[in-house]
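Structural features, examined
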Amino acid sequence: MTEQRGGALLRTASSPGRATFLELFFDLVFVFALTRVSQRLINGVDGSAGAVAADVGRTLLLFLVLWQVWTITTWVTSRYEPERAVIQVVVVGTMFGSLVLGVTLPRALEERALPFALAYVVVMVGRPLLIAVALRAHPRRLVPLRLAVWAGVSAPLWIAGALMPGPRLALWVVALAVDHLGTFLGWPLPWIGASRIRQWLVAGEHLAERYQQIFLIALGESILVIGVTYSGKEFSGDAAVAFTISFVITALLWRIYFYRAGHLLAEALRMAGTPGRLAESAAQTHLFMVLGVLSAAVGYELVIAHPYDTARPNWLVFVVGGPALFLAARSRFEYEIFGRVSRPRLAGLLALVLLLPALATVPAMFALGAVALVLALVAFADARRAWHRPPESSASPIGREALGEGGPEA
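Please read these numbers as outputs of a predicted model, since none were measured by experiment. (Residues numbered from 1 in each chain as written. Predicted model: local features only at pLDDT ≥ 70, side-chain atom pairs only at ≥ 80, totals over all residues. Heavy atoms only, no water.)

What follows deals with the overall build of the protein. Broken down by element type, the protein carries 14 helices and 0 strands. From first element to last, N terminus to C terminus, the protein shows the α and β order α-α-α-α-α-α-α-α-α-α-α-α-α-α. The globule rule puts the C-alpha radius of gyration for 410 residues at 22 Å, and the 22 Å found for the protein is close to it. Along the first, second and third principal axes, the C-alpha atoms of the protein reach 70 × 60 × 35 Å. In the protein, which comprises 410 residues, the proportion classed as buried is 53%. Expressed as a percentage of contacts within the protein between residues at least 6 apart in sequence, the contacts between residues at least 24 apart total 82%. For the protein, the exposed area adds up to about 17500 Å²; of that, 68% sits on carbon and sulfur atoms. Of the side chains in the protein, 34 bear a positive and 26 a negative charge, and the two mean positions are spaced by 4 Å. (Helix = DSSP H or I, 4+ residues; strand = E, 2+ residues; numbered from the N terminus. Rg over C-alpha atoms; globule rule 2.2 N^0.38 Å. Buried < 20%, exposed > 50% of the residue type's maximum accessible area, 1.4 Å probe, protein only. Contact = heavy atoms within 4.5 Å. Areas by Shrake-Rupley, 256 points an atom, 1.4 Å probe, with all protein chains shown as cover. Lys, Arg positive; Asp, Glu negative; His and termini not counted. Charge placed at Lys NZ, Arg CZ, Asp CG, Glu CD.)

Okay, here's the thing in structure tokens:
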């Protein structure tokens, strides 16, 4: 009886595949949190090359904390019924913890380290424990118990780092490595083994929507940066041009992402023999695409504020590096969906790399315009390739193999 009651939390074939309003509500926090990531990058962009690289590395650490929280929450709502009260409590509680992470993130490695670490630890330990209790005697309770144990292993490192400024960064790097290693290995424990994500039964349509939505959240953060930066300075023709180009680049990123592959992720997951493997790969790819969009947003702010300053190397890391990272990750996404190399995206990436020396000698707005031109050519190549051709179907080579003897983790 208790097993049946616990099993009521699990998604079934009749469960709605679309993301729920609860999840869209949850995502609102990440619109805010991602703006804090961009703001932290902006605050450290004018130092030496070494200082900027170090600041980018520290901000990446904090971003990966947010990404871990969002990703695990997405997998939770893909495996359990979001309409169940327990899952709603889990999601709303995680939402509040994520809000604390966003509020403390700009100074998380300084005086706000303790609330940042506490919010993360409470979410990562408390969430799986609550789900395990709600599952009662159901066999799947071992999955969240694995997550809770691994989160408990890294928790002392997070708290110790928050309390000790000296070794803080090193301790947090190790703690985050433990968390991501657990995710990669399936949180193995003695006697009960591991539960690899690639073996999970997943709601493909739901996961596809969630990945699409986190990408749209990153684009939304870019729109916020563009609007806030331009509205915060005196209107001028120069800034207006930079403002317009920034918007055009954001629209092109949207177009290039969703052109065919972005629309077919749900189909690819539905056709895969082991959809968890493809979903795991797509999660990693979306991480880099989102990072590319966030980096590009930093470039927008710099150019709108200083349109005719010479594009410094530190600025080009964001103005050119962000779109270049997006194109590289989007090329991988093309392979995940169609099993082919995306020549227009790789050509666009190569063009951005080759243009870097010349762009370091021209006004920042010209560099931004060059990025827009390259992305427009990539989008044009996509449109030209599809002209008078029927829509393609997914042909993903990832997860094509049949299920193993033991089947997936239900």
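Packed helix pairs are characterised by how far apart their axes lie and by the angle those axes make with each other. Relative to each other, helix 9 (residues 237-271) and helix 12 (residues 321-338) sit at 30°, their axes nearing to 9 Å. Taken together, helix 9 and helix 12 sit at an angle that is classed as roughly parallel. As helix 9 packs across helix 12, the resulting crossing turns out to be left-handed. Taking contact as the criterion, the partners of L253, I256, Y257, Y259, R260, A261, G262, L264, L265 and A268 in helix 9 are, on helix 12, F326, L327, R330, F333, E334, I337 and F338. (Axes fitted to C-alpha atoms, helices over the stretch in contact; angles between N-to-C directions. Parallel < 35°, antiparallel > 145°, perpendicular 65-115°, else oblique. Left-handed = near helix turned anticlockwise from the far one by under 90°.)

Quick look at a nonpolar patch on the surface now. Nonpolar side chains collect at one region of the surface, where F32, F96, L99 and V103 lie side by side and expose about 360 Å² of accessible area between them. The greatest single-element share of the nonpolar patch, amounting to 3 residues, is contributed by helix 4 (residues 85-104). Counting through the fold element by element, F96 comes out in helix 4. (Patch = residues over 30% accessible without salt bridge, like charges linked within 9 Å, V, L, I, M, F, W, Y side chains within 5 Å. Salt bridge = Lys/Arg side-chain N within 4 Å of Asp/Glu carboxyl O.)

So, about the packing of helix 3 (residues 49-79) against helix 10 (residues 275-305). Two elements in contact, helix 3 and helix 10, have axes whose closest approach is 12 Å; the angle formed by their N-to-C orientations is 140°. In terms of orientation, helix 3 lies oblique with respect to helix 10. Crossing handedness for the pair helix 3 and helix 10: right-handed. Counted together, L60, F63, L64, W67 and W75 of helix 3 and G276, A279, E280, A283, H286, L287, V290, L291 and L294 of helix 10 form the full contact between these two elements. Considered class by class, the residues forming the contact of helix 3 with helix 10 number 11 nonpolar, 2 polar and 1 charged. (Nonpolar A, V, L, I, M, F, W, Y, C, P; charged D, E, K, R; others polar.)

Okay, the confidence of the model for the protein next. With 93% of its residues at a pLDDT of 70 or more, the protein has an overall mean of 87. Contacts of residues 403-408 to residues separated by more than four positions or lying in other chains number 6 contacts, the stretch itself having pLDDT below 50. (pLDDT = per-residue confidence, 0-100.)

Of note, the phi angle at W191 is positive, near 75°, even though the residue is not glycine. Counting through the fold element by element, W191 comes out in the loop between helix 7 (168-185) and helix 8 (204-231). Given the relative accessible area of 88%, W191 is considered exposed. Unusually for a residue other than glycine, R260 sits at a positive phi of about 60°. Within the secondary structure layout, R260 lies in helix 9.

Once that is clear, we can look at the nonpolar core. The biggest cluster of nonpolar side chains holds 130 residues, and the ones touching the most others in it are F63, W158, W172, Y211, I249 and F326. Looking at this core, the element that brings in the most residues is helix 10, giving 17 residues. (Core = buried A, V, L, I, M, F, W, Y, C linked by side-chain atoms within 4.5 Å.)

This brings us to the packing of aromatic side chains. Considering all chains together, one arrives at 14 aromatic pairs under this definition. Consider the rings of W254 and F258, whose centres lie 6.4 Å apart with planes at 50°: the pair is tilted. Of this pair, W254 and F258 are both found in helix 9, 4 residues apart, which corresponds to roughly one turn of the helix. F258 gets classed as buried once you look at its relative accessible area, which sits at 11%. Relative to F333, the ring of Y257 lies with its centre 5.6 Å away and its plane at 5°, an arrangement referred to as stacked. Residue Y257 is located in helix 9, and its partner F333 is located in helix 12; the two are separated by 76 residues in the primary sequence. Comparing Y257 with F333, the two get one shared label, buried. Chaining the aromatic ring pairs together yields one cluster made of F215, W254, Y257, F258, F326 and F333. (Phe/Tyr/Trp six-rings, centres within 6.5 Å; stacked < 30°, edge-to-face > 60°.)

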